[in-house]
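Below are the chains, spelled out letter by letter.
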Amino acid sequence: MNPKIRNAILELLNEYIKRNKEKDKDHTNLPILVSITRKGYWLFRMLFDEYEEHKWELAENDPLHVFGEFEIYSDRYMTKILDGIVPDDKNPTAVKLLFENRQILLFDDVMIRGDNLFYHYVMLSSWGADVTPLTLECDRSFWEKYSDNVTKRNAFKKFYPEHEELFPQAINDFWNKQRAYAAFRFWMTPEDLANDSVYELLLFQKKLCPMTIDLPIIAESACADNQKTHRYVTLQTSMWEKLKAKQRDWFFVENISQIKGSYHVNASFFEGITCLQELSLWGEIEDCTVKCKYNEPANDEIKIVFVPQVIVKSMSYFQVVELFCRLYEQTDYGNEIKKTINRLLGEPVDEDNNEFPKEKMLLLMEKNCNFYRSLYRANILYFSLYVGKQFEEFLIENEIYKKNDLVLDFDWEFMKHHSPQKLIDTLKKLAEHPEIMKQRLLIRNMKKETHIHKEVIDKNWKAALYCVREWLAEERFEDNNDFEHILTIEWMENSLSNVIPDMNLEERRLVVTRIILLCQEESCFRNYIVNDTKNGLVKRGFRPGENAVKILGETAKQVVPYIYALYIRTGAKDFYEYYDSFIEKLNTYFYHERFLEYGLDPYSLYFFEDFFQTEPEGSIWSIEKKLAQVRYLLADYLDGNTREYDHIFQLVNEWELGYGNSSSNVELLS
């Protein structure tokens, strides 16, 4: 990890502990550290793993000791909490707020507008916590500017529906608590944030950090008790090649995007064809995959992080409840949910009744902020665990994994930051009895031929990807970043059927899966589960992530230099006045020089023409901020380290360009 970032995180956490001890003289409870978003969690997790591995040998004054001063959870754990009011241990007839008198540090790596941070701040505050919301890096140009937007107001209304008049005070407290730690954070330009965000992705790739925090991870551990569990599986290189070559039950898909030079993001995966057919009864399942992240082999071995992920579409309230009741009937977690339902509705617990109160559950799906999310995620975890068990068996049966001193298992310890212990214990028991899992899933033992043509996928893959990237770019630069507006899997399927009509359903599904897993790994997507109370749906989809327009592939370097050259020539003030004329010149130039015949991606050209198009008057996204998102592609040249684009800057400077926005409907010659 970059020493600057490493030291800053440790300094921030230690400063919080120091101030917290001064505030809480009794210090009866450890403060709680809640990390939000996948990137924020994995930055923290790398340091936490270092602490766990070396804590017995650290010097007394080592700043890593700070991780022993916290209870630690992720935002995924917090959104599985159904009720912020719990029975009082001292008085059985009374209740108390779940986090009454508890100190919580809410941590993320980057803050742009602060909408997501504010959502969790309000949720935890409503449960009685004294919450300090902090991020390592902040966009100084947005600081406090969008305090009163619709997204923050809607978040506050969810948790304080009868006290909307308190919203201004909550906003003031939100910013004031951050201001108290201003000296311990990085105040950055959009350009700096873009560069750091890309750096983090490359760091996660190097360290094999899967961009997931709420799914089981296949691990290997020693047969003896209390031995270390590794969050990866080690295979001989020959066995890895053998595994990739098998194209029946598990279909390997290399899914890699080049970032800059030799740097890349690896989102490769195995598609579980047989698993998908077995689970065909559940029509909400889009695909069954096992993600695999790996680096180059060393000493004839390769380390791979395997993460089973079943991609599930939107579901009706009825489907979510029926599925949960079937999968978790008479389990510890299911019983815990039943008790919570009665408490939420103020009714006594009927210990003799083993059936789920489905009608009450449907009522809570609409009314409770986390109930719909908890049940939906529990269903996904069950599906993913089953697929992971099938993949484990496949590795062992085909003698791809054969070691006498190690066994395959799941990293249960890792899950403790993200799921309640009752849910983990339930899944652990189920994993020991896969035959019970099969019975509950109504597995259909069937195999049929698949009709996936690799050449068709390769031909249409980029067109589909750029269709989604265009949507991400448009949404990323919308002034109102409303969480309710998401890109659903159903929308992706329908839209791509128009873009790539010559593909069959199986091929289109595989393309959608590739896009989802790649964009997740790049942090171009953020996962969202939205409660559509109007239609009685739990909607599953995505919003633009921090890297929605930063990770654009190596082909972007063929187009961006020309646009940057126009910006240097005109300056920000006149950029859009010359833009349409410039696009006409650029298309004509590429056509006559036959760039499209010799490697220039037409989808890349189309994407950038649209991306840098004129913004509405008063928009918060200026041309400078847009260019900041892609500057890392030209960093060496713009910093004076190379002269490779001199001819482009000279060429654009010599073009005769028309002034004025007179050709806004320019057609691509390609």
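Reading the values: the criteria
- Along each chain, numbering runs from 1 in the same order as the chain's sequence is written.
- Local features in this predicted model are restricted to residues of pLDDT 70 or higher, and side-chain atom pairs are both shown and tallied only at a pLDDT of 80 or more, whereas totals for entire chains, interfaces and linings draw on every residue.
- Excluded from the side-chain calculation are hydrogens and water; included are all heavy atoms of the structure.
- Any Lys or Arg side-chain nitrogen located within 4 Å of an Asp or Glu carboxyl oxygen qualifies as a salt bridge.
- In DSSP terms, a helix is any run of H or I states spanning at least four residues, a strand is any run of E spanning at least two, and both are numbered starting from the N terminus.
- Throughout, exposure labels follow a simple rule: accessible area from a 1.4 Å probe, protein chains only, divided by the maximum for the residue type, with under 20% read as buried, over 50% as exposed, and the rest as partly exposed.
- Working convention: axes come from line fits to C-alpha atoms, limited for helices to the stretch in contact. Angles between N-to-C directions cover 0 to 180 degrees.
- Each angle receives one of four descriptions, namely roughly parallel if under 35 degrees, roughly antiparallel if over 145, roughly perpendicular if within 65 to 115, and oblique otherwise.
- In this description, contact between two residues means that some pair of their heavy atoms is separated by no more than 4.5 Å.
- Residue polarity follows a fixed list, in which Ala, Val, Leu, Ile, Met, Phe, Trp, Tyr, Cys and Pro are nonpolar, Asp, Glu, Lys and Arg are charged, and the others, Gly among them, are polar.
- At least two DSSP bridges between two strands are required for those strands to pair.
- When the strands point away from the viewer, a crossover counts as right-handed if the path from the first strand over the helix to the second runs clockwise.
- For a helix, the expected span equals 1.5 Å multiplied by the residue count minus one.

S.K.: How would you sum up the pattern of salt bridges? Please name residues and give values.
M.R.: Scanning the model with the defined rule gives 26 salt bridges in all. Among the ionic pairs, Asp 49 bridges to Arg 45, the shortest N-O distance being 2.9 Å. Remark: Arg 45 and Asp 49 occur in helix 2 (residues 38-54); sequence separation between them is four residues, near one turn of the helix. Of the residues examined, Arg 45 reaches a relative accessible area of 7% and is grouped as buried. Glu 322 is paired through a salt bridge with Lys 358; the nearest N and O atoms lie 3.2 Å apart. Of the two residues, Glu 322 sits in helix 10 (residues 317-328) while Lys 358 sits in helix 12 (residues 358-367), which places them 36 residues apart along the sequence. Owing to a relative accessible area of 34%, Lys 358 belongs among the partly exposed residues under this scheme. Each of the salt bridges in this network shares a partner with another, and the network as a whole consists of Arg 45, Asp 49, Arg 231 and Asp 411.

S.K.: Requested: an account of the packing of helix 12 against helix 13 (residues 371-397), with residues and values cited.
M.R.: Where helix 12 meets helix 13, the closest approach of the two axes is 7 Å, and the angle between their N-to-C directions is 115°. Considering their axes alone, helix 12 and helix 13 lie roughly perpendicular with respect to each other. Across the interface between the two elements, Met 361, Leu 364 and Met 365 from helix 12 touch Phe 371, Tyr 372 and Leu 375 from helix 13. Its residues assigned to classes, the contact of helix 12 with helix 13 shows six nonpolar, no polar and no charged.

S.K.: Describe in detail the environment of Asn 547, supporting the description with residues and values.
M.R.: For Asn 547, the location among the structural elements is in the loop between strand 21 (537-544) and helix 20 (560-592). With 24 residues separating them in the primary sequence, Asn 547 and Ser 523 have C-alpha atoms 5.5 Å apart. If near-sequence neighbours (up to four positions away) are discounted, Asn 547 is found in contact with Lys 39, Ser 197, Leu 201, Glu 522, Ser 523 and Cys 524.

S.K.: Tell me about the pairing of strand 1 (residues 32-35), and please be specific about residues and values.
M.R.: The side-chain alternation of strand 1 yields two buried faces, one formed by Ile 32 and Val 34 and the other by Leu 33 and Ser 35. Across four bridges, the pairing between strand 1 and strand 5 (residues 103-111) is parallel. Note that in strand 5 the partner of Val 34 across the bridge is Leu 106. Where strand 1 and strand 2 (residues 71-74) come together, four bridges link them in parallel fashion. Bridge pairing in strand 2 links Val 34 to Tyr 73. Once you follow strand 1 into helix 2 and on to strand 2, the crossover reads as right-handed.

S.K.: Go over unusual backbone geometry, please, and point to the residues and values.
M.R.: Phi is mostly negative for residues that are not glycine, and the peptide bonds are mostly trans. Notably, Asn 299 is not glycine yet its phi reads approximately 55°, a positive angle. Among the structural elements, Asn 299 can be located in the loop between strand 15 (285-294) and strand 16 (301-312). Taking the relative accessible area as the measure of exposure, Asn 299 reaches 78% and is therefore exposed. The phi dihedral of Glu 399 is positive, around 55°, even though this residue is not glycine. Turning to its location among the elements, Glu 399 is positioned in the loop between helix 13 and strand 18 (406-410).

S.K.: Can you explain helix 6 (residues 167-179)? Please cite residues and give values.
M.R.: Taking 1.5 Å of rise per residue, 13 residues should cover 18 Å, and helix 6 covers 19 Å from first to last C-alpha, within 8% of that figure. Summarising the contacts, the buried residues of helix 6 are in contact with strand 5, helix 4 (115-126), strand 6 (130-139) and helix 5 (150-159).

S.K.: Describe the packing of helix 20 against helix 24 (residues 646-654), listing the residues and the values that go with them.
M.R.: The interhelical angle for the contact between helix 20 and helix 24, taken along N-to-C directions, is 85°, at an axis separation of 9 Å. Here helix 20 is positioned roughly perpendicular relative to helix 24, judged by the angle of their axes. From helix 20, Pro 561, Tyr 562, Tyr 564, Ala 565, Leu 566, Ile 568, Arg 569, Phe 582 and Tyr 589 reach across to helix 24, where they touch Ile 648, Phe 649, Leu 651, Val 652, Asn 653 and Glu 654. The residue inventory of the contact of helix 20 with helix 24, partitioned by class, reads twelve nonpolar, one polar and two charged.

S.K.: Tell me about the sheet that holds strand 2, and name the residues and values.
M.R.: A sheet is described by the order of its strands in space; here five strands give the open sequence 2-1-5-6-7, paired in parallel fashion. The open sheet has two free edges, formed respectively by strand 2 and strand 7 (186-188), since each of these has just one partner strand. Adjacent strand axes in the sheet meet at a mean angle of 25° when their direction is disregarded. In this sheet, strand 7 lies alongside strand 6 in parallel orientation, the contact comprising three bridges. By the bridge assignment, Cys 138 is partnered in strand 7 with Trp 187. Of the strands in this sheet, strand 1, strand 2 and strand 5 touch helix 2, which is tilted by about 110° from strand 5. Sitting on the sheet, helix 6 is in contact with strand 5 and strand 6, with an inclination near 65° to strand 6.

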